[in-house]
Structures are given as C-alpha cells and as structure tokens.
Amino acid sequence: MDWQPDWGLRARMFVTMFLLFALYIVFAGVLTAYMQGGVVLFALFFGGFSLVQYYFSDTLTLKSMGAKTVSAEEYPQLHSSVERLSQQADLPKPKVAVVDSKVPNAFATGRNQKNAAVAVTTGLMRTLNQDELDGVIAHELAHVKNRDMMVMTIASFLSTIAFMIVRWGAFFGGGGRNKNQGGIMVAILVSLVVWIISYLLIRALSRYREFSADRGAAAITGKPSALASALMKISGEVDKVPDNDLREEAEMNAFFIIPLKSGIVGKLFSTHPSTERRVEQLRDLEREMEGF
C-alpha cells in the first residue's frame, strides 16, 4: 500500500480542535458566570459527559444506529473483507457491525485505531458487488487510519452540549419566574452561537476528510474506480428511499459515506462534498495509477 500522510487533513484537524477549544473556554466561562451551580457543577457535568462520550463513543454510535456487532460465523465474507483490508492498511481489525436497513450506507466509529468499529447496512451489501463493497470498507478504514474519527467524536460532543443547553435551557432555572432567568437567557443565546459556529467548523472539516478518505481507500485497494462506482450506486439508491426512512438516520450524516439530505438546503449544509466531485477525484487517481 502506497499510503501518504495527509498533512492537509492533519492541519485542518489541529486548527478545528484549537478553535473549538478556544470557543468552549469562552462558552464555559459564560455558563459558569450566568447559570446557577457555578464552576463545580459545570465541571462535573461537562467532565462526566465527555468521559462517557470518549470511552463509549463506538458503543453509543452503534446503538443509536441500530447496528449489531456480528461474528465471522454470521457474516464470513464481510469479516474476511474487513480483515484483509485492515491488513493492507496496517490496522488492527475493527469490530464489524451490520445495520438492518434498506438505506445503502456505511460508517466507522471509535476513539482510536485499537477501539474502532466499521458498520455496513444490509441494503449496502445487497446493492454493491465485492470490489465496490471493498472500496466502501476501505474508505471507512481510511477514516480510522487518519484518526479523524476521534476529532469528529470530540467536536460532535462539544456541539451536542451546546445544543442540549439551547433545547433544555429553561429547565436549568426551574421556571420562567426564576430570579436568574435573565442569566439563563444569556447562557442560552451564547450556547446557540457556540452551536452554530461548532456546526460550521465540523462541516468544513467533514467535507475535506471525505476527500482524504476516498484517496486513502484508493491507496488501500488500488482500485479507485471501484469506490467511484460504489458512490454512484449508493447515491442513486439513496434518492429512492422514502423521506421517513431518511429522517430516522439523518442525524448521523457526518459519519456516513454518503449523506442522506438532498436539495439546495441539503447541499448547502451537507457534511460531504458532492458525489460528482468525489467521483471526479477518484477518476483522476485512476488515471494517475494507470500512468505508472
């Protein structure tokens, strides 16, 4: 495997985490100043929630998506593909999970290379041939190799904290007549700003990391055209899935290989670059490989 470190991705991950850290220092300061409970309560809540999110991110993500960890006896071909591609990528074999869903998709989760999981849907396995499925699995393993899952997990956690305060902020003060209601409203407003900025930072990083994972998949398999074919098939099948099925899974868009939103608004706020741009990059890589 001709694996080249993606310094552009590493730089973006560093900048994203630095900006998020600075943002949340301000966030924590405002909350402790304007909400009852002070520094100790915030530290206990923030610290406890972050530890749970970090150490159990793979389990929580799999459960939220209805993914079931499967054995080699249940899915021998899938396990064989993951093991072979993990060896080619010089990675420990991750846990293998399957989601019983008609939506053809896949995702990777986990806090590091030794604690990772790769999940595919039953719809994906029915839609793709073996080379295409290998391309998708390699794409997810490239996320593990790049360690961008950890950054996305931390960034998503911080964004979730701000969103929870926006959504449930009124309950922190115990009702509308609480004497600290003005401070609570300030905290909710600041949380909203923090959530929006976090959202934009995460989306900017997520789009680049998808390009990087596509390049990584091409390096692992040596077949960029297989992943390009898979992306076109998946994109076409997703367009046929009823809106109700898409809404049930849309919250995990940043972790999927193909996002579940469509239309002008979906493209504007998408966590992924367009399928056309990704296919174009993969075709360029294919031509480069054929030139050697």
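First, a word on what this report is: a plain description of the structure on this page.

Criteria and thresholds
Residues numbered from 1 in each chain as written. Predicted model: local features only at pLDDT ≥ 70, side-chain atom pairs only at ≥ 80, totals over all residues. Heavy atoms only, no water. Axes fitted to C-alpha atoms, helices over the stretch in contact; angles between N-to-C directions. Helix = DSSP H or I, 4+ residues; strand = E, 2+ residues; numbered from the N terminus. Parallel < 35°, antiparallel > 145°, perpendicular 65-115°, else oblique. Left-handed = near helix turned anticlockwise from the far one by under 90°. Contact = heavy atoms within 4.5 Å. Nonpolar A, V, L, I, M, F, W, Y, C, P; charged D, E, K, R; others polar. Phe/Tyr/Trp six-rings, centres within 6.5 Å; stacked < 30°, edge-to-face > 60°. Lys NZ or Arg CZ within 6 Å of the ring centre and 35° of its normal. Buried < 20%, exposed > 50% of the residue type's maximum accessible area, 1.4 Å probe, protein only. Pairing = 2+ DSSP bridges. Expected span 1.5 Å × (residues − 1). Polar contact = N/O pair within 3.5 Å; in protein donor to acceptor, adjacent residues only side chain to side chain.

**Some remarks on the packing of helix H4 (residues 76-88) against helix H6 (residues 130-146)**
Packed helix pairs are specified by the crossing angle of their axes together with the interaxial distance, meaning the distance between the axes.
And step 1. Following both chains from N to C, one finds H4 and H6 inclined at 55°, their axes separated by 10 Å at the closest point. With respect to H6, the axis of H4 lies oblique. Of the two possible hands of crossing, H4 and H6 adopt the one that is right-handed. Contacts from Gln77, Leu78, Ser81, Val82, Arg84, Leu85 and Ser86 in H4 reach Gln130, Asp134, Ile137, Ala138 and Leu141 in H6.
And step 2. Each residue belonging to the contact of H4 with H6 can be placed in one class, and the counts come to 6 nonpolar, 4 polar and 2 charged.

**Digging into the packing of aromatic side chains**
And step 1. Within the structure shown, the criterion is met by 1 aromatic pair.
And step 2. Lying across the ring of Trp7, Arg10 places its NZ or CZ 4.5 Å from the centre.

**As for the environment of Asp90**
And step 1. For Asp90, the location among the structural elements is in the loop between H4 and strand S2 (95-99).
And step 2. On the basis of relative accessibility, which here comes to 59%, the residue Asp90 falls in the exposed class.
And step 3. Between the C-alpha atoms of Asp90 and Ile220, which are 130 residues apart in sequence, the distance is 9.5 Å.

**Thoughts on the pairing of strand S3 (residues 106-112)**
And step 1. Across the 7 residues that make up S3, a large majority, 6, are buried.
And step 2. Examined bridge by bridge, S3 and strand S4 (residues 115-121) share 6 bridges and lie antiparallel to one another. Paired with Thr109 across the bridge in S4 is Ala117.
And step 3. Connecting the antiparallel pair S3 and S4 is a turn made up of 2 residues.

**Some points on H6**
And step 1. Compared with the 24 Å implied by 1.5 Å per residue over 17 residues, the 24 Å span of H6 between its first and last C-alpha is a close match.
And step 2. Among the 17 residues of H6, 15 are classified as buried, and the element is accordingly described as predominantly covered.
And step 3. Here H6 starts with a cap whose side-chain oxygen sits 3.2 Å from the backbone nitrogen of Asp131, and that cap is Asn129.
And step 4. One or two positions beyond H6, positive phi appears at Arg147, with a value near 60°.

The analysis is restricted to geometry; functional conclusions fall outside its scope.
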